[in-house]
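Structural overview
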Amino acid sequence: MSEQRRQPGRTDREMPARLTPAQPIPDAGGKEVVRAAATVEASPPLGESSPLTAKERQRALTAHLMEQVCAPANLNRAYARVKANKGSPGIDGMSVGKLGGWIKRHKQTFIASLLDGSYQPQPVRGVQIPKPGGKGMRQLGIPTVVDRLVQQAMLQVLQAILDPTFSASSYGFRPGRSAHDALAAARQHVADGRTIVVDIDLEKFFDKVNHDILMARLGRWVGDKRMLRIIGRFLRAGLMQGGVCVSREEGTPQGGPLSPLLANLLLDDLDKELEKRGLRFSRYADDCNIYVGSQAAAERVLESLTGWITRHLRLEVSASKSGTGRPWERKFLGCIITAALLIAIAPASLARFQDQVREKWNARQPLTTNELRDQWRSYLRGWWGYFRLTEYRRPIFEKEGWIRRHIRKCFWQRWHSSKGREAALQRLGVPARRAEVGRSSRGAWRMARHPVVQEALKNKILRKYEFLVPSDLAR
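Residues numbered from 1 in each chain as written. Predicted model: local features only at pLDDT ≥ 70, side-chain atom pairs only at ≥ 80, totals over all residues. Heavy atoms only, no water.

**Describing the pairing of strand β6 (residues 196–201)**
Applicable threshold: Exposed residues in this analysis have more than 50% of their type's maximum accessible area, buried residues have under 20%, and partly exposed residues fall in between, with area computed by a 1.4 Å probe over protein chains only. Helix numbers and strand numbers start at the N terminus; a helix is a DSSP run of H or I with at least 4 residues, a strand a run of E with at least 2. Between any two strands, at least two bridges found by DSSP are needed for them to pair.
By the criterion of burial, β6 is predominantly enclosed, with 5 of the 6 residues buried. With 6 bridges joining them, β6 and strand β10 (residues 287–292) adopt antiparallel strand pairing. Note that in β10 the partner of Ile200 across the bridge is Cys288.

Okay, structure coming up:
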């Protein structure tokens, strides 16, 4: 790196702070300009004093980002992150555990291809997973572990440039922000008297992102053509599914480290438009709720924004999923806001939780009792880790008896025969005479609430062996 770009005494850690330009200074004619300074790499030739526009200055400051991407400290941090995230192999079958050995063998050529802009990403491995509530399938694209390393290294550099420019009302996939913050902001908007919600749902957002628009937005902030070239290749990399590689002309499938940042970059235009109109909103990735004071205003906002999104972002607003209503009628991030301004679990989220209870305690699974318990405990802790922010918890706690009944039903079925059930009840301390209920021909769901079965598998016993329910985690 030349001394012009790398001044003595400046560390790589300090450099990202320089990349977001200061507020532009308007000239007499109102045009945004920034006077050329010694710290600006692209200074005009000697004897000329033409000012740089804010856009030109930004490109000059970001013309050598790949050197930062390839800095040892940045690559090491990216490698640690990819390794910690684990994840499935891409189309080449290389696991995360083999990435370190690959780097040792190919380090020089790998870094050289990044620095000269010739790096070629491989197609992503297409995987479809069911959407919550059985509403179709969600397309995921799993990059190879090497491509994940490159994306993570780029993310670490780009995030320092782009994130400070994003709206304060954007909460998804940003450092120091979470879905809980988005919900708290939404509740504040309702508390301020904006009691009608405009719920915007973008149709297959990650599958429909327009590459040209996205790259144009990225070009506003990034002047390094090598980086832009490689990111463009990531966007256009094919999708391998069912042994067939399909080229991609649009979309940025979820699964790569860069996808959330690029999504926020594109949707920041929407945020700025909402702010320009003076609207209050809370957005988490492609889930956006806008809060207004009347039904008539809500309908006007929904209609005008639907047209704006189509024209400016070339995205579609789902007519069936978008709409207006009261905060307790429209789900946001799995929750609703009650009339008493309490955050509560949405009925649809509670229904999905019940589906998971049935699935996790299905007796036909080829798992041991300990494996069933550990699977359930892992799921419940993750689920409660998210929904612990709910303040109105009665609908959750009311399901605990029903959850324990499913656990008892599972054990009853896994005891298999009348002889096995009778013996299992006796092992659990039920007297032989009362354990004869094990011979009953009644269905498992009915027997799961039989007094003898409840006595054998009483709440105290289930809790002792960590067959948990939400209130066990709420203490």
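Read on, since the account is not over.
**What to know about empty space enclosed by the protein**
For clarity, the cut-off: Using only the protein atoms, space was sampled on a 1 Å grid; points where a 1.4 Å probe fits but cannot get out form cavities, open sets with protein on both sides within 12 Å along at least five of seven lines form pockets, and lining residues are those with an atom within 4 Å of a point. Grid points are joined across faces, edges and corners, and a volume is the space filled by probe spheres set on the points. Only Asp, Glu, Lys and Arg are considered charged, only Ala, Val, Leu, Ile, Met, Phe, Trp, Tyr, Cys and Pro nonpolar, and every remaining residue, Gly among them, polar.
Across all of its chains, the model carries 3 cavities of 30 Å³ or more by this definition. Estimated volume of the largest cavity: approximately 150 Å³. Lining the largest cavity are 15 residues, with Gln151, Phe234, Arg248, Thr252 and Ser259 sitting closest to its centre. Breaking the lining of the largest cavity down by element, the ones donating at least two residues are α9 (225–236) and α10 (259–276). The residue makeup of the lining of the largest cavity, split by class, is 8 nonpolar, 6 polar and 1 charged.

**Some words on the layout of surface pockets**
Computed from the structure, the second largest pocket encloses a volume of approximately 550 Å³. If you trace the second largest pocket, you find 21 residues lining it, with Arg81, Asn85, Gln152, Leu155 and Pro257 closest to the centre. Only α3 (72–85), α5 (145–162) and α10 provide two or more residues apiece to the lining of the second largest pocket. With 5 residues, α5 is the single largest residue contributor to the lining of the second largest pocket. Among the residues making up the lining of the second largest pocket, the classes are represented as 8 nonpolar, 8 polar and 5 charged.

**So, the sheet that holds strand β8 (residues 244–246)**
This is how it is decided: Inter-axis angles, ranging from 0 to 180 degrees, are taken between N-to-C directions of lines fitted to C-alpha atoms, where helices are fitted over the stretch in contact.
Taking strand neighbours across the sheet as the criterion, the 4 strands line up as β5-β4-β7-β8 in an open arrangement whose pairing is mixed. Each of the sheet's edge strands pairs with one partner strand only, and the pair in question is β5 (137–142) and β8. Direction aside, neighbouring strands of the sheet carry axes that sit 40 degrees apart on average. As paired strands, strand β4 (residues 124–130) and strand β7 (residues 239–241) are joined by 2 bridges and run parallel to one another. Looking across to β7, one finds that Val124 is bridged to Leu239.

**What to know about the packing of aromatic side chains**
This is how the line gets drawn: Think of it this way: a Phe, Tyr or Trp ring, Trp meaning its six-membered ring, pairs with another when their centres are within 6.5 Å, and the plane angle makes it stacked under 30 degrees, edge-to-face over 60, tilted otherwise. Lysine and arginine charges are scored as sitting over a ring when NZ or CZ, respectively, is within 6 Å of the ring centre and within 35 degrees of the ring normal.
In total, this model carries 18 aromatic pairs according to the counting rule given. With 5.6 Å between their ring centres and 80 degrees between their planes, Trp102 and Phe110 make a pair best called edge-to-face. Judged by its relative accessible area of 18%, Trp102 is buried. The class of Phe110 is buried, set by a relative accessible area of 6%. Ring plane angle 55 degrees and centroid distance 6.2 Å describe the contact between Trp361 and Trp376, whose orientation is recorded as tilted. Here Trp361 is found in the loop between α12 (347–360) and α13 (369–387), whereas its partner Trp376 is found in helix α13, with 15 residues between them in sequence. No difference in accessibility class separates Trp361 from Trp376, as the two residues are buried. Taking NZ or CZ as reference, Arg405 lies 3.9 Å from the ring centre of Trp445, over its face.

**Details of a positive patch on the surface**
Going by this rule: Note that patches include only residues with greater than 30% relative accessible area and no salt bridge, and the join distances are 9 Å for like charges and 5 Å for nonpolar side chains (Val, Leu, Ile, Met, Phe, Trp, Tyr). Each accessible area is a Shrake-Rupley result for a 1.4 Å probe, and residues are judged covered by the shown protein chains and nothing else. The term salt bridge refers to a pairing of a side-chain nitrogen on Lys or Arg with a carboxyl oxygen on Asp or Glu at a separation within 4 Å. When charges are tallied, Lys and Arg are placed among the positive residues and Asp and Glu among the negative ones, while His and the ends of the chain are skipped. Throughout, a charge is located at the NZ atom of Lys, the CZ atom of Arg, the CG atom of Asp or the CD atom of Glu.
Together, Lys55, Arg59, Lys225 and Arg229 make up a region of like positive charge exposed at the surface. For the positive patch, the secondary-structure elements that each account for two or more residues are α1 (54–61) and α9. Within the secondary structure layout, Arg59 lies in helix α1.

**Examining the environment of Ile290**
For the record, the criterion: Residues are treated as being in contact if the distance between any of their heavy atoms lies within 4.5 Å.
In this structure, Ile290 sits in strand β10. On the basis of relative accessible area, Ile290 is assigned to the buried category, the value being 1%. Sequence-wise, Ile290 and Leu279 are 11 residues apart; in three dimensions their C-alpha atoms are separated by 7.1 Å. In this view, Ile290 contacts Ile196, Val197, Val198, Ile200, Leu274, Leu279, Arg280, Phe281, Val301 and Leu305; residues no more than four positions away in its chain are not counted.

**Thoughts on the confidence of the model for the protein chain**
To be explicit about the condition: Each residue gets a pLDDT score, which is the predictor's confidence in that residue and runs from 0 to 100.
For the protein chain, per-residue confidence averages 86 on the pLDDT scale, and 88% of positions sit at 70 or higher. A low-confidence stretch, residues 1–43 (pLDDT under 50), is modelled with 67 contacts involving residues beyond four sequence positions or located in other chains.

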